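Here is what each chain is made of, one letter per residue.
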Amino acid sequence: MTATQCGVFHESYGSDLQLRPTTMQRIRIVLVLAVVVILPLVANNYLIRISNSIIIAAIGAIGLNILVGYTGQISLGQGAFLAVGAYSSALLTTYYDIPWPIAVVLASFITAGIGMMFGIPSLRLKGLYLAVATLAAQQIVQWVLNNWDPIDGLQDGRATNALRIPDPKIFGYQLNQDEKAFYVFGVLILIAVVIVTVNLFRTHVGRAFIAIRDQDIAAEVMGVNIFRYKLLAFATSSFFVGLAGALLAQHSTAISWERFTIEISIQYLAMIIIGGLGTISGSIYGAIFITVLPELLREMGDFLTKSEVLNADDFRLYLPFIQRGAFGVAIVITLILEPEGIVKMWRDIKNYFRLWPFSY
Amino acid sequence: MTLSRFARPYEVNQPERHRLEVQNVSLSFGGVNALTSVSLTCEPGEILAIIGPNGAGKTSLLNCICSLYRPQRGRIVYHDRNLVTTSPHQLPKLGIARTFQNIELFSHMTVLDNLMLGRHIHMKKNIFTSMLYWGPGQREEIHHREFVEQVIDLLEIQHIRKQQVGSLAYGLQKRVELGRALAMNPGLLLLDEPMAGMNVEEKEDMARFILDINEEWGVTIILIEHDMGVVMDISDRVAVLDFGRLIALGTPHEVRANPQVIQAYLGQEHALMQE
């Protein structure tokens, strides 16, 4: 049942370029879609809320993977770009009364512009040096969030650090209250993002990105304008990260700078490393893993306290530390066991069963 | 091999060829003179070999021609453009392609994708068309795929089309790198030691490919090579560099008889060949 065909014979280049040429692959994707459709019908509100966080994280991780995994430009500015997306969509709806769907799109374009600006040092800097340069983006944006007046929201007449956002409504559903409505909306956007990025890497623009990662001098000699394509990678990546940030803002009632710190940048890097650098599906696996892991630990703790193995107060005290520790351990274990991430594990499993039970 | 039912026969355009003129080029790194007023011309359609002992400046000259190095003095003219002031990524538009001494392939891509990257400059569709893919984006991919398949046929690498380049044997990687440069449909091809580290059989194959590319596709070729037998057999003219100076330029026969060359480079080996 899990076996894929042993020989696929194409009769046209069009069919050779298909993403999923075998029936088995098509059945798998239909199964995944079925799960996605059935989930909101059976799951409770809590599960759907986690799914929504996963959707937002996945869009952000795909964006980061375009830059880090595919183009090889290490960025520590993910938190900053998420913040730009979130705050610009929030400010556009709050101060300019722009309808929120348009604000989300505008915010993505604004983030793309800002991302491109912070991509300029990539002309001269590579690898770790560029990472330090993008750290500047993180610090500058965070400073602006803390010190720029319009961003400090007013709540009940008091100035706060958080910015309140008008309720986003679509077809009478209020997205920041109704998790199911956001889920439907978010899944559609995620599917669109996946299709668009997968297509990007089937064509010459995506190939140029990968070429820059693998051998930048050779890419240049083959006619790739390195600087232009690096900026394009920064812009495309930041566009999707900005989209994730804007969705995050619309999903929450209020946003504040604490949600866009360097820690978030590192968390996103962990997602794409654990999921698989330079793969779209890896970004999604990583987003699921990193979002679900802390929740899972909490559930496990709750279970242990209920069964009185653990003292509840102690547990609550230690939970954040356990979560962080587990987070670190997870990264180390993946890097040792499978440096290419969950994607590679899944591929190995498929290959095993493809030949099963006669593996020789 | 069956191609698409819909595939049209792809016309390989005879690439535009021009004369390459290297005029008084001098290049130094700090106090080291890599090249000292080197002048030579390469006529359209010929195979010019550059030989010389290690550190003679062969690769430096090639890097100057493809704009990776900027010589302090001199001009390199191709198609009325001074290559010294041109950016490397603009050279493919003039029809100049090259391979590297140490293979510089995109090792995580498949052979096919590496060759398709060679078509990069001919692909004009923007990022939004790429993202939508179906329609114009796909048509462009298929159109260029047809050209790439001809390169694959020429170099006899059909069986590794879908393999990751990093996992291939050294000799095959060299061949793929040649294919990537050829996919650009260049008028001038610079080959930096295309046969280094190969056994006799692989060298014979490579020599055959180079001659085919030169004769059938009409590509001008400049190559650096250490194997004297190959150089003397396939090249129309030979340029000899020693300590950054051009000490001889002529047909293989003339160069072989040049006393300066014998002293600087051929030495004992040449004496043996004479026997």
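Details of the structure are given in the entry above.
These lines cover the structure that appears in this document, whether it is placed above or below. (Residues numbered from 1 in each chain as written. Chains lettered and ligands numbered in written order. Predicted model: local features only at pLDDT ≥ 70, side-chain atom pairs only at ≥ 80, totals over all residues. Heavy atoms only, no water.)

### Notes on the overall build of chain A
Stage number 1. Counting its secondary structure elements, chain A contains 14 helices and 6 strands.
Stage number 2. Relative to a compact globule of 360 residues, whose C-alpha radius of gyration would be 21 Å, chain A shows 22 Å and is just as compact.
Stage number 3. For chain A, with 360 residues in total, the buried portion stands at 48%.
Stage number 4. In chain A, 74% of the contacts between residues at least 6 apart in sequence involve partners at least 24 apart.
Stage number 5. For chain A, the accessible area works out to roughly 17800 Å², and carbon and sulfur atoms hold 67% of it. (Helix = DSSP H or I, 4+ residues; strand = E, 2+ residues; numbered from the N terminus. Rg over C-alpha atoms; globule rule 2.2 N^0.38 Å. Buried < 20%, exposed > 50% of the residue type's maximum accessible area, 1.4 Å probe, protein only. Contact = heavy atoms within 4.5 Å. Areas by Shrake-Rupley, 256 points an atom, 1.4 Å probe, with all protein chains shown as cover.)

### Some details on the overall build of chain B
Stage number 1. Regarding its fold elements, chain B presents 10 helices and 10 strands.
Stage number 2. Its C-alpha atoms give chain B a radius of gyration of 20 Å, within 12% of the compact-globule value 19 Å for 275 residues.
Stage number 3. With respect to the three principal axes, the spread of C-alpha positions in chain B is 65 × 40 × 30 Å.
Stage number 4. Expressed as a percentage of the 275 residues in chain B, the buried residues total 57%.
Stage number 5. Split by element, the accessible area of chain B, about 12200 Å² in all, is 48% carbon and sulfur.

### Observations regarding the side chain of B:Arg237
Residue and element names in this part refer to chain B.
Stage number 1. Along the chain, the position of Arg237 falls in strand β9 (residues 237–242).
Stage number 2. Only 2.6 Å separates the side chain of Arg237 from the backbone oxygen of Thr41, close enough to count as a polar contact.
Stage number 3. Not counting chain neighbours up to four residues away, the residues in contact with Arg237 comprise Thr41, Cys42, Glu43, Glu46, Ile47, Leu48, Ala49, Leu249, Gly250, Thr251 and Pro252. (Polar contact = N/O pair within 3.5 Å; in protein donor to acceptor, adjacent residues only side chain to side chain.)

### Some words on the sheet that holds β9(B)
Residues and elements named next belong to chain B.
Stage number 1. The strand order across the open sheet formed by 6 strands is β6-β7-β8-β3-β9-β10, and the pairing between neighbours is mixed. Single-partner strands in this sheet number two, and they are β6 (96–98) and β10 (245–250). Averaged over neighbouring strand pairs, the angle between their axes works out to 15° when direction is ignored.
Stage number 2. In this structure, β6 lies alongside strand β7 (residues 188–192), joined through 3 bridges in parallel fashion. (Pairing = 2+ DSSP bridges. Axes fitted to C-alpha atoms, helices over the stretch in contact; angles between N-to-C directions.)

### Observations regarding a nonpolar patch on the surface
Stage number 1. Nonpolar side chains collect at one region of the surface, where A:Ile29, A:Val30, A:Val32, A:Leu33, A:Ile191, A:Ile195 and B:Trp134 lie side by side and expose about 610 Å² of accessible area between them.
Stage number 2. Elements supplying a minimum of two residues to the nonpolar patch: α2 (23–42) and α7 (179–200) of chain A.
Stage number 3. With 4 residues, the top contributor of residues to the nonpolar patch is α2(A).
Stage number 4. Within the fold, A:Leu33 resides in helix α2.
Stage number 5. Residue classification places A:Leu33 among the partly exposed residues on the basis of a relative accessible area of 42%. (Patch = residues over 30% accessible without salt bridge, like charges linked within 9 Å, V, L, I, M, F, W, Y side chains within 5 Å. Salt bridge = Lys/Arg side-chain N within 4 Å of Asp/Glu carboxyl O.)

### Topic: the pairing of strand β8 (residues 220–224) of chain B
One face of the sheet, then the other: side chains in a regular strand alternate in exactly this way.
Residue and element names in this part refer to chain B.
Stage number 1. Here β8 lies mainly inside the structure; 5 of its 5 residues are buried.
Stage number 2. The alternating pattern of β8 places Thr220, Ile222 and Ile224 and Ile221 and Leu223 on opposite faces, both of which are buried.
Stage number 3. Of the pairings in the sheet, the one linking strand β3 (residues 47–51) to β8 comprises 4 bridges and is parallel in character. Bridge pairing in β8 links Ala49 to Leu223.
Stage number 4. As paired elements, β7 and β8 share 5 bridges and run parallel to each other. In the sheet register, Leu188 faces β8, and the bridge partner there is Thr220.
Stage number 5. Read from β7 through helix α7 (residues 200–216) to β8, the crossover connection turns out right-handed. (Right-handed = clockwise from strand over helix to strand, strands pointing away.)

### Some remarks on helix α4 (residues 78–96) of chain A
All names here are of chain A.
Stage number 1. In this model α4 runs 26 Å from its N-terminal to its C-terminal C-alpha over 19 residues, within 8% of the 27 Å that 1.5 Å per residue would give.
Stage number 2. Of all the 19 residues making up α4, 16 are buried; the element is thus mostly covered by neighbouring parts of the structure.
Stage number 3. Backbone geometry just downstream of α4 places Asp97 in the positive-phi region, at approximately 55°. (Expected span 1.5 Å × (residues − 1).)

### Concerning the sheet that holds strand β2 (residues 32–42) of chain B
Stage number 1. Read across the sheet, 4 strands follow the order β2-β1-β4-β5 (chain B) without closing on themselves; strand pairing throughout is antiparallel. Of all the strands in the sheet, the pair left with one neighbour each is β2 and β5 (81–82) of chain B.

### Considering the nonpolar core
Side chains that are nonpolar tend, in soluble globular proteins, to be buried together.
Stage number 1. Core analysis: the biggest nonpolar cluster contains 142 residues, and A:Ile59, B:Leu189, B:Ile210 and B:Ile221 have the highest contact counts within it.
Stage number 2. Contacts of B:Leu189, omitting those with residues within four sequence positions, involve B:Ala97, B:Arg98, B:Leu178, B:Ala181, B:Leu182, B:Ile213, B:Val219, B:Thr220, B:Ile221 and B:Ile222.
Stage number 3. The next biggest cluster of nonpolar side chains, apart from the first, holds 30 residues, and it includes B:Leu61, B:Ile76, B:Ile96 and B:Ile222. (Core = buried A, V, L, I, M, F, W, Y, C linked by side-chain atoms within 4.5 Å.)

### Let's talk about helix α6 (residues 127–147) of chain A
Residue and element names in this part refer to chain A.
Stage number 1. Here α6 contains 21 residues, and its C-alpha end-to-end distance of 31 Å stays within 8% of the 30 Å for a straight helix at 1.5 Å per residue.
Stage number 2. Of the residues making up α6, those classed as buried are Leu130, Ala131, Thr134, Ala137, Gln138, Val141, Gln142 and Leu145. An end-on view of α6 places all buried positions within 125° of arc, on one side of the element. In α6, the exposed positions angled more than 90 degrees off the buried face are occupied by Tyr129, Val132 and Trp143. (Arc of directions from axis to C-beta.)

### Structural notes on the interface of chain A and chain B
Stage number 1. Across the contact, 34 residues belong to chain A and 40 residues belong to chain B.
Stage number 2. For the pair chain A and chain B, the interface holds 4 salt bridges.
Stage number 3. A:Arg207 is the partner of B:Glu141 in a salt bridge, and the nearest nitrogen-oxygen pair spans 3.2 Å.
Stage number 4. Elements with a contribution of two residues or more to the side of chain A that touches chain B: α1 (13–16), α7, α8 (204–214), α9 (216–221) and α10 (226–251) of chain A.
Stage number 5. The element best represented in the side of chain A that touches chain B is α8(A), accounting for 8 residues.
Stage number 6. Here the side of chain A that touches chain B is composed, by residue class, of 18 nonpolar, 9 polar and 7 charged. (Nonpolar A, V, L, I, M, F, W, Y, C, P; charged D, E, K, R; others polar.)

### Examining the pairing of β2(B)
Residues and elements named next belong to chain B.
Stage number 1. Pairing of strand β1 (residues 20–29) with β2 involves 7 bridges; the strand directions are antiparallel. Paired with Phe29 across the bridge in β2 is Val32.
Stage number 2. Between β1 and β2, which pair antiparallel in sequence order, lie 2 residues; one of them, Gly30, sits at a positive phi of approximately 60°.

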